[in-house]
Amino acid sequence: MRVAVDNALAEETTIHWHGVRVPNAMDGVPHLTQTPIGAGERFLYEFDAVDAGTFWYHPHQRSSEQVGRGLYGPLIVEEPQSVRADRDVTWMLGDWRLTKSGAISEDFGNRHDIHHNGRVGNTVTINGRVPDGFAVRKGERIRLRLINAANARIFSLDFAGHEPIVIALDGQPVTPHAPDKGLVVLGPAMRVDLIIDMTGNAGSRASVTDRFYERLEYRLVDLVYDGTPLRERAPDWPLALPANPLPEPDPEAASRNEVVFNGGMMGEMVAREMGESLGARGGMMGDMNSMMGGMMRMMNSSAAWFINGVAADGASHDMKPMLTFEKDKSHVIAMTNATAWYHPIHLHGHSFRVISRNGKRTLHREWQDTVLISPREKVEIAFVADNPGDWMFHCHILEHQAGGMMAVFRVA
Ligand code: C2O
Ligand code: CU
């Protein structure tokens, strides 16, 4: 791929190719991998599209506002040989906070959003429009690529009696399976490729509902069936996608690394209590010591979120690596969400296998680049560090990232 980016904004920007395994210099992280593209300047991104799948791109500079104002797009890399479907459709899900007059609310990066669940808006769009109906035909098979481009909103989509089959997550093929409880969950930045057979009756309508936030369910869009069927029954074509050339991690031989996420409304209190009780006893050593140091800093600063006790300065990406991984070796990261909030955690430059949740092995060992971690949950991921350089990992609720929830890992 070769993409010339002209920055017509009145401020600096960059483009990050989310989920695409690019060389470090093409990763679009300001100050860490490149000088930001100044107003009126051009930057040429060039890389090989090594994996087929559903990806997307967005600025990494002041992302909370630049992405929040709609600077993003889908990036589809086609398989040489794809799964068979009647139509290949992309729904880029957007979420906007609009004022009564329909303007974009200007309250970007406010303290409340940073300390709670981010900038969740009041208007959801598909491909930039408030959807009305989506025309389908009985018997039709659709490959639906869902991309969550929202700053903070998490989706849990109910397809009203249809039985979607998940065939890829974050662009990477997965064993075809029905989603848990039939609900398709996407945290910010995540993608899900579905195969959906349109099994409703000709002339009928069915509502796709988002059920993620309790008592805030809403109708996303209606599937509107045409009067004439395409075929009477669903086709029985194969569902599996060809695998991408990802290096297979060996969890047995892997280095083990612990990452703890802290902060937010209840997390701060927990950390403060821990700080007091441990501080009183004194004599802490090593890791614990530096972690507590971080917690002390957090008590005295306005930062909201912490990785191993350290909050990044949200405005700058100029950070010392927190973790270093030996190149071409397998590594496991055990990530503990010690907060009362959801966090979609994204690693740059690599896809990883999600191998366990709360000590229980995952069914599909799914490849992801962004993993949604529930409050108090512990998730283990495994990957081969084959892409040298300094890479970001951060929460993709963009207000959490701005509030300190990002760090750098080095592959060397
Ligand atoms: Cu989609 Cu570091 O981001
Ligand atoms: Cu978060």
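What comes next concerns the included structure. (Residues numbered from 1 in each chain as written. Chains lettered and ligands numbered in written order. Predicted model: local features only at pLDDT ≥ 70, side-chain atom pairs only at ≥ 80, totals over all residues. Heavy atoms only, no water.)

A word on the coordination of the copper ion (ligand 2). At 2.0 to 2.1 Å from the copper ion (ligand 2) lie its protein donor atoms, namely His 343 (ND1), Cys 395 (SG) and His 400 (ND1). Sequence positions of the donors to the copper ion (ligand 2) reduce to the motif H-x51-C-x4-H. Here Cys 395 falls in the buried class, since its relative accessible area comes to 0%. Judged by its relative accessible area of 0%, His 400 falls in the buried class. (Donors = N, O, S within 2.8 Å, 3.2 Å for Na, K, Ca; no water. Buried < 20%, exposed > 50% of the residue type's maximum accessible area, 1.4 Å probe, protein only.)

One pass over the structure, following the stated rule, counts four cavities of 30 Å³ or more. What lines the largest cavity is simply Gly 68, Asp 95, Trp 96, Arg 97, Ile 104, Arg 119, Gly 121 and Asn 151. For the lining of the largest cavity, the residue count by class is two nonpolar, three polar and three charged. Looking at the second largest cavity, the residues that line it are Arg 21, Leu 246, Pro 247, Gly 349, His 350, Ser 351, Trp 367, Phe 383, Val 384 and Asp 386. (1 Å grid on protein atoms, 1.4 Å probe; cavity = no way out; pocket = protein on both sides within 12 Å on 5 of 7 lines; lining within 4 Å. Points joined across faces, edges and corners; volume = space filled by probe spheres on them. Nonpolar A, V, L, I, M, F, W, Y, C, P; charged D, E, K, R; others polar.)

The strands making up a sheet associate through hydrogen bonds between their backbones, and the pairing can be parallel or antiparallel. Sheet architecture is open: five strands sit in the order β8-β16-β15-β10-β13, paired in mixed fashion. Looking at which strands have only one partner, the edges of the open sheet turn out to be β8 (133-136) and β13 (183-186). The sheet shows a mean angle of 25° between the axes of neighbouring strands, taken without regard to direction. (Pairing = 2+ DSSP bridges. Helix = DSSP H or I, 4+ residues; strand = E, 2+ residues; numbered from the N terminus. Axes fitted to C-alpha atoms, helices over the stretch in contact; angles between N-to-C directions.)

Both faces of strand β7 (residues 123-126) are covered, namely the face carrying Thr 123 and Thr 125 and the face carrying Val 124 and Ile 126. As paired strands, strand β6 (residues 87-96) and β7 are joined by four bridges and run antiparallel to one another. Its bridge partner lying in β7, Trp 96 is registered against Thr 123.

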